[in-house]
Amino acid sequence: MEVMKTRKNIFLPAVLSISLVLGIISCASDPPPARTGGDRPPSRVQDPQRVQPQDTQGILRRIAELCEKGDYASALGLFDKIDAKDAATDNVMLLKASVYLSAGEADKAGDIAGRIVSRTPQNTQALLILSGVEQARGSEKEQKSILERILKIEPDNVQALVALGTIAASASAFRTAAAFYDKALAAEEGNGEALIGRAWVYRNEKDPKNAERLLNQAVSLYPDWVTPVHERARLYKAAGFPREALADMDKARAMDGGDYWIAFDRGDVLVDLNRKQEALEEFERAKKINPDYFLAYVYTSGIKDEFGDYDGAEKDYAILTKLNPDYYFAFEGLGMHLMRKGNWNGARDAFMEAYKRAREDSAAYGLLAAMNWMRGGKISDPRQFLEQVMAREERNSLEWYMLRLYHDLSGDNDIVMKLDSEKNGDIKARMLYYLANYYDIRGNRTLADKYFLLVRELDRKSIPEWRLNEWALESRGLALK
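Remember, predicted model here, so these are calculated numbers, not experimental data.

**Q** Describe in detail helix H24 (residues 398–408), supporting the description with residues and values.
**A** Most of H24 is tucked away, with 8 of its 11 residues classed as buried. Buried within H24 we find Leu398, Trp400, Tyr401, Met402, Leu403, Leu405, Tyr406 and His407. Where H24 is buried, its residues touch helix H22 (362–376), helix H23 (383–391), helix H25 (412–421) and helix H26 (425–441). Downstream of H24 by one or two residues, Leu409 has phi in the positive range, about 60°.

Set out below in structure tokens:
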């Protein structure tokens, strides 16, 4: 299942409509028309109190514009310029709380909304802000409780229904999510968030036609909103229509060139189309938008590796290990490039980190760590570490025997006999590579060359040892001409 991707945290439009606030302020504040009597003309000198509502509305419109641009600090600063009487109204205070929430200041938003709820417990707009505060804090249980409270007050509250649908969808409770989204659409036909959420559920229920139908509707209803176009592109990609996906991604990029996920997803589609240079450029753009999120580095490191930009790949792998240490393949890639450069100690450390985190291939990472350890120091140095690795492996397996060889520094004849009868080509190639390195470490260049060449003959290009073996052959003057 594909995880729902986080959209921009602009809580304002979903919680409190600027137009609603403007209408309420206008109706509450505008004085009645000036009276005229007899031949006396109406005064052309306006009372300062009469122009204030228009000033307030202008400020609120400017706040909305700044929020659309994501400039929440400037938007918050404008609240100080609103007439004190207008600023003290619940609606303007809730608007301010919404901006605080969008700015990432959940506690300030919660303080404002909480005071309003304490005075008016059934104020659903304030409760919606409180639910957003709990969402920002990661308190899903409390968020759901507030949303359910809203539905008891207003059973057809669309924003609460959509929010509960999204929570259910994120938990893969698709039937529950569908019920919330369907009820939201029954209450407000054409609600954009409900259309997108319901389409996402259809997609995960393997019903792409209905997903496309709803997304087409959302694109038509909201031509200036990028999210429906982006979501439709993701649907097309998942359904195996990369050209259609790219067309929508191009539209999405034109609409919002600063969105990380649009850049990343567009790069992903370009990979499907085998346009990897363009994909690399798009992933690099995603990294510039958010250099602290790991996913784009997964792709840039791999593409650079494929293109032979080894220094660039090594740099990205190194960054990736810091951004997402649990992604042990980054330690693998980093270790391989450090090993290629002869940085044995650095490679050892990288492969040991991979070994600690890997669920599979732990024996291989253990062997790579030990191999580099031996090259960078005394050949007996990794003995204690190898004992730990051996304890995790099935005794008498080929991997166990290879680990024992590196530990005992003897027993290579047993390995050779086992390799002769090994039927799995990948395992055989991998173990031949480690045997070649064992002989190289022990100073037997002839046998090392023999086994490095045997690895090549097996032609198992999908294993990481294949690449390491090719680099070894190149450094030994045995590369194919």
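**Q** Requested: an account of the packing of helix H7 (residues 106–119) against helix H8 (residues 124–136), with residues and values cited.
**A** At a minimum axis distance of 9 Å, the contact between H7 and H8 shows a crossing angle of 150°. Taken together, the axes of H7 and H8 are roughly antiparallel relative to one another. Seen along the crossing, H7 lies across H8 with a hand that is left-handed. Every residue of H8 that contacts H7 at Ala106, Ala109, Gly110, Ala113, Gly114, Ile116 and Val117 is listed here: Ala126, Leu127, Ile129, Leu130, Val133 and Ala136. Considering only residue class, the contact of H7 with H8 consists of 11 nonpolar, 2 polar and no charged.

**Q** Describe the side chain of Ser131, and please don't skip the residues or the numbers.
**A** By the element assignment, Ser131 lies in helix H8. The class for Ser131 is buried, based on a relative accessible area of 4%.

**Q** Give a description of the environment of Arg253 that names residues and reports values.
**A** Position of Arg253 relative to the elements: it lies in helix H15 (residues 242–255). Take Arg253: its relative accessible area is 33%, and that puts it in the partly exposed class. In this structure the C-alpha to C-alpha distance between Arg253 and Val229, which are 24 residues apart in sequence, comes to 9.9 Å. Not counting the four nearest positions on each side in its chain, Arg253 is found in contact with Ile262, Arg266, Glu282 and Arg285.

**Q** Explain helix H6 (residues 90–102) to me, using residue names and the numbers behind them.
**A** Spanning 13 residues, H6 covers 18 Å between terminal C-alpha atoms, matching the ideal 18 Å at 1.5 Å per step. Every buried residue belonging to H6 is among Val92, Leu94, Leu95, Lys96, Ala97, Ser98, Val99, Tyr100, Leu101 and Ser102, and all of these are buried. Phi turns positive one or two residues past the end of H6, at Gly104, with a value near 85°.

**Q** Lay out the packing of helix H12 (residues 192–204) against helix H14 (residues 226–238) with the relevant residues and their values.
**A** Direction vectors running N to C along H12 and H14 enclose 5°, while the axes themselves pass 11 Å from each other. Judged by the inter-axis angle, H12 sits roughly parallel to H14. Contacts between H12 and H14 involve Ile196, Trp200 and Arg203 on the former and, on the latter, Thr227, Pro228, Glu231, Arg234, Leu235 and Ala238. Residues of the contact of H12 with H14, tallied by class, amount to 5 nonpolar, 1 polar and 3 charged.

**Q** Can you tell me about the confidence of the model for the chain, naming the residues and giving the values?
**A** When pLDDT is averaged along the chain, the result is 89, and 89% of the positions lie at 70 or above. For residues 6–15, every residue scores under 50 in pLDDT, and the model assigns this stretch 29 contacts once sequence neighbours within four places are set aside. Per-residue pLDDT stays below 50 along residues 18–53; that stretch engages in 27 contacts with residues further than four places along the chain or on separate chains.

**Q** Can you tell me about the packing of aromatic side chains, naming the residues and giving the values?
**A** How two aromatic rings sit relative to each other is given by the distance of their centres and the angle of their planes. Across all of its chains, the model carries 23 aromatic pairs by this definition. With 5.3 Å between their ring centres and 90° between their planes, Tyr260 and Trp261 make a pair best called edge-to-face. The residues Tyr260 and Trp261 share a single accessibility class, namely buried. Taking the centre distance of 5.4 Å and the plane angle of 90° together, the rings of Trp400 and Tyr401 count as edge-to-face. Overall, the relative accessible area of 6% leaves Trp400 in the buried class. Under the relative-accessibility criterion, Tyr401 is labelled buried at 14%. Here the aromatic cluster, defined as three or more aromatic residues joined through ring pairs, consists of Tyr260, Trp261, Phe264, Phe283, Tyr293, Phe294 and Tyr299. In this structure, Arg198 is placed above the aromatic ring of Tyr202, and the distance from its NZ or CZ to the ring centre is 3.9 Å. Between the NZ or CZ atom of Arg340 and the centre of the ring of Trp471, over which it lies, the distance is 5.6 Å.

Reading guide: rules and limits
Residues numbered from 1 in each chain as written. Predicted model: local features only at pLDDT ≥ 70, side-chain atom pairs only at ≥ 80, totals over all residues. Heavy atoms only, no water. Buried < 20%, exposed > 50% of the residue type's maximum accessible area, 1.4 Å probe, protein only. Helix = DSSP H or I, 4+ residues; strand = E, 2+ residues; numbered from the N terminus. Contact = heavy atoms within 4.5 Å. Axes fitted to C-alpha atoms, helices over the stretch in contact; angles between N-to-C directions. Parallel < 35°, antiparallel > 145°, perpendicular 65-115°, else oblique. Left-handed = near helix turned anticlockwise from the far one by under 90°. Nonpolar A, V, L, I, M, F, W, Y, C, P; charged D, E, K, R; others polar. Expected span 1.5 Å × (residues − 1). pLDDT = per-residue confidence, 0-100. Phe/Tyr/Trp six-rings, centres within 6.5 Å; stacked < 30°, edge-to-face > 60°. Lys NZ or Arg CZ within 6 Å of the ring centre and 35° of its normal.

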